[in-house]
Amino acid sequence: MTEQTPQSQLNSIATNGKPLLEVRNLKMYFPIVKGIFGKITGYVKAADDVSFYIQSGETLGLVGESGCGKTTVGRCIVRAYKPTDGSIVYQRADETTVDLAKVDSKELQTYRKDIRMIFQDPYSSLNPRMNVFEIISEVLRVNELCSPKEMEYMVAHIMEQCGLRPEYMRRYPHAFSGGERQRIGIARALVTSPRLVVCDEAVSGLDVSVRAQILNLMEDLRREMNLTYLFISHDLSVIRHICDRVAVMYVGKLVELADANALYTNPLHPYTESLMSAVPIPNPNLRDRKNRIRLEGEVADPSNPPSGCYFHPRCRYAKERCSTETPVLRDLGDHHFVACHFADELELTGVRMA
Amino acid sequence: MTINEIDLALADRASGGPSTESDVRIEVATQWQLMWWKFRRHKLAMFGGALVLFFYLLAAFAEFFAPVNFTTYNEQYVYAPPQMIHFFREGKLAPYVYGYKFERDPVSYKKTWAIDKSVIIPLRFFNHGDPYKFWGLFRGDLHLIGPVNASDPFYLLGADKSGRDVFSRIIYSARVSLTVGLVGVAISFTIGILVGGISGLVGGVVDNLIQRLIEILISIPTLPVWLALAAMVPLSWSALRVYFMITVILSLVGWMGLARVVRSKFLALREEDFIMAAQLDGVPRGRMITKHMIPSFLSHIIASITLSIPGMILGETALSFLGLGLRPPVVSWGVMLQDTQKVAVIAIYPWLLFPAVAVIIVVLALNFLGDGLRDAADPYQ
Amino acid sequence: MADNNNLLVQVEDLKIHFFTNEGIVRAVDGVTFDIHSGETLCMVGESGCGKSVTARALLQIVHRPGKIVDGSIVLYRQKSHDQIEKVRISDLEPKGREIRSIRGKDISMIFQEPMTSLSPMYTVGNQIMETIMLHTKADKNQARARTLELLEFVGIPRPNRIIDEYPFRLSGGMRQRAMIAMALSCNPRLLIADEPTTALDVTTQAQIIDLIQGLQKDYDMGVLFITHDLGVVAEIADRVAVMYLGNVVEYSDVYTIFNDPQHPYTQSLLRSIPKVTATREKLEVIRGMVPSPFRRPSGCPFHPRCPKAMPVCSEIEPKTISLTENHQVHCLLFDEDAKKPVREMAS
């Protein structure tokens, strides 16, 4: 069963050249430590055999409920965590590849400027004791990416691009509102002209009106700076808005991966279907939708997941096979990947288009 | 970028017009400035801070502020009571005190002191009196105030059993008692930061061992340990060595709490997003600790240090009072208080308790200061 | 719908100011609305618009330095079958006996993070039982039986076990359910829900919303639902109050608000949310940001960000204008009187 890795299929469909980043069978297990002697009693499988690729220039969405492991995957890619197993193949600018999961910390340093991260919380992600210039220029300084003279110019330039007044670079974060702070966080991530940006819930902490500004800004910057985004969020509306393709995670596993339109209108995994059904739609005329799906029970415990398909205890289409056999992520055509035994038999409904 | 510029202008308008000068002042303020502004509003802490500063100045320039040397004695004036200082005579600034006379109690025939208003002892500011060697370096004989005639008695806070000036001795004692606190805290700070830092940064087995060790050490009652250690100090040691040893003994007990604070700060910081951001910037370990982590809790550490100085001062006073700390001829508040071990002495010569008043004032002032610092330590709430 | 027989709470021209060292913040600045039994009023707005403070005022739990400075909150309390008592909540002592008899009995509240209102020291069951015994004459056994009933009712599996669990042992969704069970323990007439689903995942959010709606139907409760999520509003609201910087800028039924919004803020807000049903396109934004409460703009507080602002908007504070009987707008665009004199002056 494991012979047919999802990877073999993923490779074959990466048609337009090699992908910018390819995650293969990524595993991130956190040990559960008990007692004063630090005995390991088990593992939380935060990411379990996750595989996907990101093409240069696209925005891939990673969506799922809290605790599904989406943030863990993002942090493995920026190498805040060292993955337990699997590989993260990154394609350098000269088209050679490197496995980021295996490189040592010294070599890793050379990729820090290429793969950057935008954080969720605009308050805790900025050091209150450093001014904006120090915050944004830190990466330039420690990696000696430019001379001290150029540094001021580069910081001013990226601040301007992110909609911040360069005159304010000597101010401290406490002088800025939430939206402005998020712009500072974006400027910090983009000052190195990265190639891949991992956005971890980058707009979740913002007010509605500010969220729209930041989403537009990120979209503009993507075009101007030729960026590739991995956009992690629990908000299906935001994901829909900004992403080309979307991957859905459930309890550490990828359950579906497809073009955004296909995934939203024609989901193939029952979990995706129930997610779509649960999203509140800001249109009261659509409120009395019939046969909405309400999931029963709770998300499975990643340290003690159910047998077979992790979703089977909550799945309304579950059959016997689901509790015994773990489904593999497979392509059902048009690069629509799904990890469900019965994906080609089920008739699932997606989001109704307005 | 025109869209952004319009956006900016409008953002300014939305937030109620461009910022005023005072806003800018706050917006570019470093954490220390913010802390100072916040601290300044804490009146009691400001008062405490001023008092602490005053006492340390007294201690630093003890030779100048004390009217006489702490060893100067006059057996004629044993247990002389405090004199009241008068500043004006005949409308002019001319400080003076009244002299003493003996009185015989007609009933008990006991010799007692009385103030003799007929004898006026003129005083002088910036008086040339007892010669001294300032900090053992510079010769001098200038005192803030002193009797014009050096042989005249001048006992602002009375005299002790050898006829020494209690006031001068309190000022000289401050030098020892206050620096014991400072040096002791410096030592426990260093140990605490090192041990706590290792514990918090390395983690794992090392952290586990250090924490267990601290728990064991902390469970040992403080006073017996002090007593035992202090009793082991050989009598033959010089005063300076004893002083140093006592400081080390005091600080050995103080570092554990600090190490725990430092460790928990490091652990908490590891979870902060901005530390992860710095890590992703590729900030090397040394810079991470010095530039990103320590500034985040330094202010808290300073506050808790301030709050731990009083404990050191009280510890020294207690040990010396019990005769296990510093010994004469070194003079500290605790050493001075050894004279008051008998209740009878306190009853007849209550001014010998003035060193205790000094201890109380300093300890309170340090606590006020520390409280204010602690409140101001996190200006970003 | 505005049948006076089932009027529950009437809030009129409510003003709550915060007296801080830095100055007075007009957190709620003249808010008028009412809630009827069986209906859901949604209060929607961005952070700092005063929606939570307004809700807290209904229970007299505005924390210091906030104070109700003007206006009235009247609770219509069912005394007996056909006798209704009017209680002016705004005049009650915040720590007094009377408001305490209202809290939890007539009006209950649930919060965004149930952990802050559930004590970690007591089991879930203990806390619910205590509320029941405080407001009814039930003894311990009756209270426990009722608690089990409630826990089952709010969809907690194995209530026999959960009743003796401590709150931190429950998941976010379960805690919120326990919180709702506690809020419902005395059959309140009005349930105030302050962002009850914001910290929850979409599937859990859907469960909780279903639960609240089901309970509302069963008990004929009034619900004041506070949220910043317009999707949730569209799903559950009967009527909507859109708030901005302490004012209700638009107040109408949910269909009017979404299909025919009149206030420029409501219009922009609706256009600025990404929708799960729409494909990638540039979002419309409201320029600038919510101003600091200490720098409240003059005139209409929305004017610096308003796409339809007129010169007069920075000078005159708008009044509430009724467009129809159940559609109120707080905007000078609809105030012919306010527009006129300035035009004349300009010409």
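Residues numbered from 1 in each chain as written. Chains lettered and ligands numbered in written order. Predicted model: local features only at pLDDT ≥ 70, side-chain atom pairs only at ≥ 80, totals over all residues. Heavy atoms only, no water.

The next thing to look at is the overall build of chain C. Regarding its fold elements, chain C presents twelve helices and twelve strands. Here the C-alpha coordinates of chain C stretch approximately 80 × 50 × 45 Å along the principal axes. Each of the 347 residues in chain C was classed as buried or not, and the buried ones make up 57%. Taking all contacts inside chain C whose residues are at least 6 apart in sequence as the whole, residues at least 24 apart take part in 63%. Total accessible area computed for chain C in this model is approximately 15,300 Å², and 49% of it derives from carbon and sulfur atoms. (Helix = DSSP H or I, 4+ residues; strand = E, 2+ residues; numbered from the N terminus. Buried < 20%, exposed > 50% of the residue type's maximum accessible area, 1.4 Å probe, protein only. Contact = heavy atoms within 4.5 Å. Areas by Shrake-Rupley, 256 points an atom, 1.4 Å probe, with all protein chains shown as cover.)

Attention shifts here to the sheet that holds strand 1 (residues 7-20) of chain C. All names here are of chain C. Judged by pairing direction, the sheet is antiparallel, and its four strands sit side by side in the order 2-1-4-5 without closing on themselves. Edge positions in the sheet fall to strand 2 (23-36) and strand 5 (84-88), since each has one partner strand and no second. Mean inter-strand twist for the sheet, computed between neighbouring axes without regard to direction, equals 10°. Relative to strand 4 (residues 66-78), strand 1 is paired through eight bridges, and the arrangement is antiparallel. Across the sheet, the residue bridging to E12 is S72, located in strand 4. (Pairing = 2+ DSSP bridges. Axes fitted to C-alpha atoms, helices over the stretch in contact; angles between N-to-C directions.)

Right, let's get into the packing of helix 3 (residues 31-40) of chain B against helix 4 (residues 43-60) of chain B. Residues and elements named next belong to chain B. Relative to each other, helix 3 and helix 4 sit at 100°, their axes nearing to 7 Å. When the axes of helix 3 and helix 4 are compared, the pair comes out roughly perpendicular. Each of W36, F39 and R40 in helix 3 lies in contact with helix 4, whose residues at this interface are K43, A45 and M46. (Parallel < 35°, antiparallel > 145°, perpendicular 65-115°, else oblique.)

Further remarks concern the interface of chain A and chain C. Between chain A and chain C, the contact holds 50 residues from the first and 47 residues from the second. Both faces considered, chain A and chain C share a buried interface measuring about 4,000 Å² in area, 53% of it formed by carbon and sulfur atoms. Here chain A and chain C share two salt bridges between them. Counting every contact that joins chain A to chain C gives 13 residue pairs in polar contact (both at pLDDT 80 or more). Only helix 7 (208-225), helix 8 (236-242), helix 9 (260-265) and helix 10 (270-278) of chain A provide two or more residues apiece to the side of chain A that touches chain C. Element by element, the count of residues in the side of chain A that touches chain C is highest for helix 7 of chain A, at eleven residues. Each residue belonging to the side of chain A that touches chain C can be placed in one class, and the counts come to 20 nonpolar, 13 polar and 17 charged. (Buried area = accessible area lost by both parts, 1.4 Å probe. Salt bridge = Lys/Arg side-chain N within 4 Å of Asp/Glu carboxyl O. Polar contact = N/O pair within 3.5 Å; in protein donor to acceptor, adjacent residues only side chain to side chain. Nonpolar A, V, L, I, M, F, W, Y, C, P; charged D, E, K, R; others polar.)

Within a sheet, each strand pairs with its neighbour through backbone hydrogen bonds, oriented either parallel or antiparallel. Residues and elements named next belong to chain A. Pairing is antiparallel across the open sheet formed by four strands, whose spatial order is 2-1-4-5. In the strand order of this sheet, the two ends are held by strand 2 (39-54) and strand 5 (97-99), each with one partner. The mean inter-strand angle of the sheet, taken between neighbouring strand axes irrespective of direction, is 25°. Its contacts with the sheet put helix 2 (residues 70-77) on strand 1 (21-34), strand 2 and strand 4 (85-91), and the angle it makes with strand 1 is roughly 115°.

Another point: the confidence of the model for chain C. All names here are of chain C. Summarising the model, chain C shows a mean pLDDT of 86, and 95% of its residues fall at 70 or more. The low-confidence segment residues 343-347, where pLDDT is below 50, has zero contacts with residues more than four positions distant or belonging to other chains. On the interface metric, ipTM, the complex scores 0.86, and its pTM is 0.82. (pLDDT = per-residue confidence, 0-100.)

Right, let's talk about the pattern of salt bridges for a bit. Here the idea is simple: oppositely charged side chains can pair when their charged atoms come close. Counted under the stated rule, the structure contains 44 salt bridges over all chains. A single salt-bridge network, built from bridges that share partners, covers R26(C), D29(C), R296(C) and E317(C).

Let us now look at the state of the cysteines. On inspection of all chains with the given rule, the structure shows zero disulfides over all chains. In this structure C243(A) is a free cysteine whose sulfur lies 8.9 Å from that of C199(A), the closest cysteine sulfur available. (Disulfide = S-S within 2.5 Å.)

So, on to the confidence of the model for chain B. Note that predicted coordinates carrying low pLDDT should not be read in detail. All names here are of chain B. Mean pLDDT for chain B: 80, with 92% of residues reaching 70 or above. Confidence scores differ between elements of chain B, with helix 1 (residues 2-14) showing the lowest mean pLDDT of 44 and helix 10 (residues 273-280) the highest of 92. Below a pLDDT of 50 lies the segment residues 1-18, which in the model reaches 36 contacts outside its immediate sequence neighbourhood of four places, other chains included.

Let us now look at the packing of aromatic side chains. Residues and elements named next belong to chain A. One pass over the structure, following the stated rule, counts 20 aromatic pairs over all chains. The structure contains a cluster of three or more aromatic residues connected by ring pairs, namely Y250, Y271 and F311. Over the ring of F342 we find R321; its NZ or CZ atom is 5.9 Å from the centre of that ring. (Phe/Tyr/Trp six-rings, centres within 6.5 Å; stacked < 30°, edge-to-face > 60°. Lys NZ or Arg CZ within 6 Å of the ring centre and 35° of its normal.)

This paragraph deals with the domain arrangement of chain B. Parsing chain B into structural domains produces domain 1 (83-154) and domain 2 (170-376). Computed over C-alpha atoms only, the centres of domain 1 of chain B and domain 2 of chain B are separated by 39 Å. (Domains from an automatic or database assignment.)

Our next topic: the packing of helix 4 (residues 132-142) of chain A against helix 11 (residues 285-321) of chain B. Put simply, helix 4 of chain A and helix 11 of chain B touch, their axes get as near as 14 Å, and they point 165° apart. Here helix 11 of chain B runs roughly antiparallel to helix 4 of chain A, going by the angle between their axes. Relative to helix 11 of chain B, helix 4 of chain A is oriented so that their crossing is right-handed. Of the residues in helix 11 of chain B, those touching helix 4 of chain A at E134(A), E138(A), R141(A) and V142(A) are R287(B), K291(B) and H292(B). Among the residues making up the contact of helix 4 of chain A with helix 11 of chain B, the classes are represented as one nonpolar, one polar and five charged. (Left-handed = near helix turned anticlockwise from the far one by under 90°.)

All names here are of chain B. Here helix 7 (residues 204-219) contains 16 residues, and its C-alpha end-to-end distance of 23 Å stays within 8% of the 22 Å for a straight helix at 1.5 Å per residue. Taken together, the buried positions of helix 7 are D207, I210, Q211 and I214. Angular distribution of buried residues about the axis of helix 7 spans 100°; they occupy a single face of the element. Of the exposed residues in helix 7, the ones pointing more than 90 degrees away from its buried face are V205, L209, I216 and S219. In the core, the buried residues of helix 7 are packed alongside helix 6 (166-202) and helix 9 (239-270). (Expected span 1.5 Å × (residues − 1). Arc of directions from axis to C-beta.)

Turning to the side chain of T340(B), a few remarks are in order. Residues and elements named next belong to chain B. By secondary structure assignment, the location of T340 is in the loop between helix 12 (333-337) and helix 13 (343-348). A relative accessible area of 7% means that T340 is categorised as buried. Reaching out from T340, the side chain makes a polar contact with the backbone oxygen of L337 at a distance of 2.6 Å. Here T340 is in contact with F321, I346, L352 and L353, once residues within four sequence places are set aside.

Counting 98 residues, the largest nonpolar core has I180(C) and I192(C) as the members making the most contacts within it. Of the residues forming this core, the biggest block, eight residues, is contributed by helix 7 (residues 172-184) of chain C. In contact with I180(C), not counting residues within four places along its chain, are I110(C), V154(C), I208(C), L211(C), I212(C) and L215(C). In this structure, V63(A), C162(A), V279(A) and V276(C) belong to the second largest nonpolar core, which totals 75 residues. (Core = buried A, V, L, I, M, F, W, Y, C linked by side-chain atoms within 4.5 Å.)

What follows concerns a nonpolar patch on the surface. Residues and elements named next belong to chain B. Side chains of F87, F88, L93, F125, F126 and L142 sit close together on the surface and give an oily, nonpolar patch of about 590 Å² of accessible area. Within the residue set of the nonpolar patch, elements represented by two or more residues are strand 1 (86-89) and strand 3 (111-134). Tracing the sequence through the fold places F126 in strand 3. (Patch = residues over 30% accessible without salt bridge, like charges linked within 9 Å, V, L, I, M, F, W, Y side chains within 5 Å.)

This brings us to helix 5 (residues 148-161) of chain A. Residue and element names in this part refer to chain A. Compared with the 20 Å implied by 1.5 Å per residue over 14 residues, the 20 Å span of helix 5 between its first and last C-alpha is a close match. Along helix 5, the residues classified as buried are M151, V155, A156, I158, M159 and Q161. Once helix 5 finishes, G163 follows within two positions and takes phi at roughly 80°, a positive value.

A word on the environment of I361(B). Residue and element names in this part refer to chain B. Summarising the element assignment, I361 is placed in helix 14 (residues 354-376). Taking the C-alpha atoms as reference points, I361 and G48, 313 residues apart in sequence, are found 9.1 Å from one another. The residues contacting I361, other than those within four sequence positions of it, are L51 and F55.

Before going further, it helps to spend a moment on unusual backbone geometry. With an omega of 0°, the peptide bond running from R64(C) to P65(C) counts as cis. Looking at the secondary structure, you find P65(C) in the loop between helix 1 (51-57) and strand 4. Residue E144(A) is not a glycine yet carries a positive backbone phi of 50°. The class for E144(A) is exposed, based on a relative accessible area of 69%. With a phi close to 55°, H335(A) is a non-glycine residue in the positive phi region. Mapped onto the fold, H335(A) is located in the loop between strand 11 (330-331) and strand 12 (337-338).

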